[in-house]
Amino acid sequence: MDGENRIILNVGGIRYETYRTTLKKIPATRLSRLTEALANYDPILNEYFFDRHPGVFAQVLNYYRTGKLHYPTNVCGPLFEEELEFWGLDSNQVEPCCWSTYSIHRDTQTTLAILDKLDIDAERPSAEEVARLFGYEEDYLAGNLSAWQRLKPKVWSLFDEPYSSTGAKISQ
């Protein structure tokens, strides 16, 4: 029975061996629904092949085994999210010990999206418009901007807007 319960997964050329019961621990995911009728099953090698990132998969399989999802620091956040989506897992299940490292890319993407809204060729936005775009309009109106909230748009301009100031021209 143990042999019938064991399963081999080849992910990106690295073979992982586990039990079917382990993969059934998280229902409604790609790994919980494996059958030999799937196109990625190789009956000669008796394994399932997935052309995916093996480093991320090590954390995915560990999640099935332990119930704890950790973020591998050697991959970027969007790749990790893409892999979790492929395997049918929720990125919100990342453990608290890894959450701040993992979520940095989300904050960065949000900031970049905000900055993209600032049309460089248009007139300079007012301080109130900048505060609104960065999400701290209430603090601005109340006069409670932190030093970082005042500095963040200037730092961005310094490095990303080569003609925004003399300092920006020099840093290029």
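Cut-off values and rules
Numbering of residues starts from 1 in every chain and runs along the sequence as written. With pLDDT at 70 or above as the cut-off, local features in this predicted model cover only qualifying residues; side-chain atom pairs require 80 or more to be listed or tallied, and sums for whole chains, interfaces and linings still use all residues. Excluding hydrogens and water, the side-chain figures rest on all heavy atoms present in the structure. DSSP bridges decide pairing: two strands pair if at least two such bridges lie between them. A helix here means a DSSP run of H or I that spans at least four residues, while a strand means a run of E at least two residues long, and both kinds are numbered starting from the N terminus. Every residue pair with non-hydrogen atoms within 4.5 Å of one another is taken to be in contact. Axis definition: a line fit to C-alpha positions, over the contact stretch in the case of helices; interaxial angles, taken between N-to-C directions, run 0 to 180 degrees. Accessible area is worked out with a 1.4 Å probe on protein chains only. A residue is then buried under 20% of its type maximum, exposed over 50%, and partly exposed in between. The arc refers to the directions leading from the helix axis to the C-beta atoms.

Caption draft 1: Representation of the sheet that holds strand β1 (residues 6–11) in the model. Read across the open sheet, the 4 strands follow the order β2-β1-β4-β3; overall the sheet is mixed. Strands with a single pairing partner mark the edges of an open sheet, and in this sheet they are β2 (14–19) and β3 (41–42). As paired strands, β1 and β2 are joined by 6 bridges and run antiparallel to one another. Counterpart to Arg6 in the pairing with β2 is Tyr19. Where helix α3 (residues 54–66) meets the sheet, its contacts fall on β1 and β2, and the angle it forms with β2 comes to roughly 5°.

Caption draft 2: Inspection of helix α6 (residues 127–134) at higher detail. Within α6 the residues assigned to the buried category are Val130, Ala131 and Phe134. One side of α6 holds all its buried residues, which, seen down the axis, span an arc of 100°. The first or second residue beyond α6 is Gly135, which carries a positive phi of 85°.

Caption draft 3: Representation of unusual backbone geometry in the model. Even without glycine at this site, Ala28 takes up a positive phi of about 60°. Here Ala28 lies in the loop between α2 (20–23) and β3. Positive phi, close to 55°, is recorded for Asn46, a residue that is not glycine. With respect to the secondary-structure elements, Asn46 resides in the loop between β3 and β4 (47–50).

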